[in-house]
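One-letter residues, chain by chain:
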Amino acid sequence: MSISHTTHTLDNAELRNFYEKAGFRGRVGWGERPALLVIDMAGAWTSPEEMLGSDLSAVEDHIVELLGAARRAGLPIIFTTMAWDPSLSEIGKVIRRKTTHSVHMLHGSTNVELRPRMDRRPEEPLVVKPRASAFYGTNVDGMLISAKADTVIVVGCSTSGCIRATAESAFNRGFHVIVPAEAVGDRSQTAHQGNLFDIDARYGDVEPVADVLDTLRALPARADA
């Protein structure tokens, strides 16, 4: 059985029902020890004038709120960006041909620097990832295991690329995956909506950012917050 001529968005009740009958869209919920992954909130993605960029100011506002709540509770926070050596040799020909913007994502460039409003703290690592998933070729998995995290809250960009890939990798590793809907963004609204639906159906629970904030604010504050 298939369904056609329908909008691939979370607010499509017919499509949600169709997926539920197929055994998707189960609710996993939160574990006991959440961590926050902030994906690629750097210049190249967040500056509309850049080749890869788009206006993610509303997304950024929500991430700043979530960072405040996560820091108050003392949660592990990990930032990511993507960057390569200026020689370009580590990118590989296939990646360079498929994603031609990659040649501009170089170590030391403003393209790969985090947005100032992220206000990254010394204890919050910045991981340079070579591919879309925060887990591919990095030690993110090890850091989460060391922190005894069982839940990852995934925010940032882009919904159809690095957010989806990170959510899938986290799900495959057995983490509870929470994606605050308004705290992720994409240069394409249709790609954003379609991939939010797919993430919610296959990899994690997409929740309103207000609900995620309520959960985080209910956690006890760390002693030095």
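Before reading further, recall that the structure is shown in the block above.
A quick note: this is a predicted structure, and the numbers were derived from the prediction, not measured.

**Student:** What should I look at first to understand the side chain of T80 in this one?
**Tutor:** One can find T80 in strand β2 (residues 77-82). A residue is classified by how much of its surface remains accessible, and T80, at 1% relative accessible area, is buried. One polar contact links T80 to D40, side chain to side chain, over a distance of 2.9 Å. Dropping the residues within four chain positions of it, T80 is found in contact with V38, I39, D40, M41, L114, L126, V127, K129 and A134.

**Student:** Can you help me understand the pairing of strand β4 (residues 151-157) in this one?
**Tutor:** Looking down a regular strand, the side chains alternate between one sheet face and the other. The buried count for β4 comes to 7 of 7 residues, which makes it a mostly enclosed element. Side-chain alternation along β4 places T151, I153, V155 and C157 on one buried face and V152, V154 and G156 on a second face that is also buried. In this sheet, β4 lies alongside strand β1 (residues 34-39) in parallel orientation, the contact comprising 6 bridges. By the bridge assignment for β4, P34 is matched with T151. Taken together, the 3 bridges between β4 and strand β5 (residues 176-180) define a ladder with parallel strand orientation.

**Student:** What am I meant to see in helix α8 (residues 209-217) here?
**Tutor:** In an α-helix, one turn spans 3.6 residues; hence positions three or four apart end up facing the same way. Along α8, the positions that sit buried rather than exposed are V209, V212, L213 and L216. The buried residues of α8 occupy an angular sector of 100 degrees when projected down its axis, which confines them to one face. Buried positions along α8 lie against α3 (57-72), β4, β5 and β7 (205-207).

**Student:** Mind showing me how you'd approach the packing of aromatic side chains here?
**Tutor:** When we look at a pair of aromatic rings, we describe it by the centre distance and by the angle of the planes. What the rule picks out here adds up to 5 aromatic pairs. Consider the rings of F18 and Y19, whose centres lie 5.9 Å apart with planes at 75 degrees: the pair is edge-to-face. Three or more aromatic residues link up through ring pairs in this structure, and these residues are F18, Y19, F24 and F197.

**Student:** Explain the pattern of salt bridges to me, please; I cannot follow it from the model alone.
**Tutor:** Note that side chains of opposite charge can pair when their charged atoms are close. Tallied over the entire structure, the rule returns 12 salt bridges. Note that R33 and E32 form a salt bridge whose closest N and O atoms lie 3.5 Å from each other. Of the residues examined, R33 reaches a relative accessible area of 37% and is grouped as partly exposed. Exposure remark for E32: the relative accessible area of 65% places this residue in the exposed category. With its nearest N and O atoms 3.0 Å apart, the salt bridge here joins D198 to R164. Taken together, the residues D198 in helix α7 (residues 189-202) and R164 in helix α6 (residues 159-172) connect sequence positions 34 residues apart. Since its relative accessible area comes to 13%, D198 is described here as buried. If you follow the salt bridges from partner to partner, you end up with E20, R25, R27, D200 and D205 in one network.

**Student:** I keep staring at the nonpolar core and nothing clicks. Help me out?
**Tutor:** General note: in soluble globular proteins, nonpolar side chains tend to be found buried as a group. By size, the foremost hydrophobic cluster in this structure holds 67 residues, and its most contacted members are V38, I63 and L144. Of all the elements, α3 adds the most residues to this core, at 6 residues. In this structure L144 touches A35, L37, I78, F135, A149, V152 and F175, once residues within four positions along its chain are discounted.

Definitions and cut-offs
- Residues numbered from 1 in each chain as written.
- Predicted model: local features only at pLDDT ≥ 70, side-chain atom pairs only at ≥ 80, totals over all residues.
- Heavy atoms only, no water.
- Helix = DSSP H or I, 4+ residues; strand = E, 2+ residues; numbered from the N terminus.
- Buried < 20%, exposed > 50% of the residue type's maximum accessible area, 1.4 Å probe, protein only.
- Polar contact = N/O pair within 3.5 Å; in protein donor to acceptor, adjacent residues only side chain to side chain.
- Contact = heavy atoms within 4.5 Å.
- Pairing = 2+ DSSP bridges.
- Arc of directions from axis to C-beta.
- Phe/Tyr/Trp six-rings, centres within 6.5 Å; stacked < 30°, edge-to-face > 60°.
- Salt bridge = Lys/Arg side-chain N within 4 Å of Asp/Glu carboxyl O.
- Core = buried A, V, L, I, M, F, W, Y, C linked by side-chain atoms within 4.5 Å.

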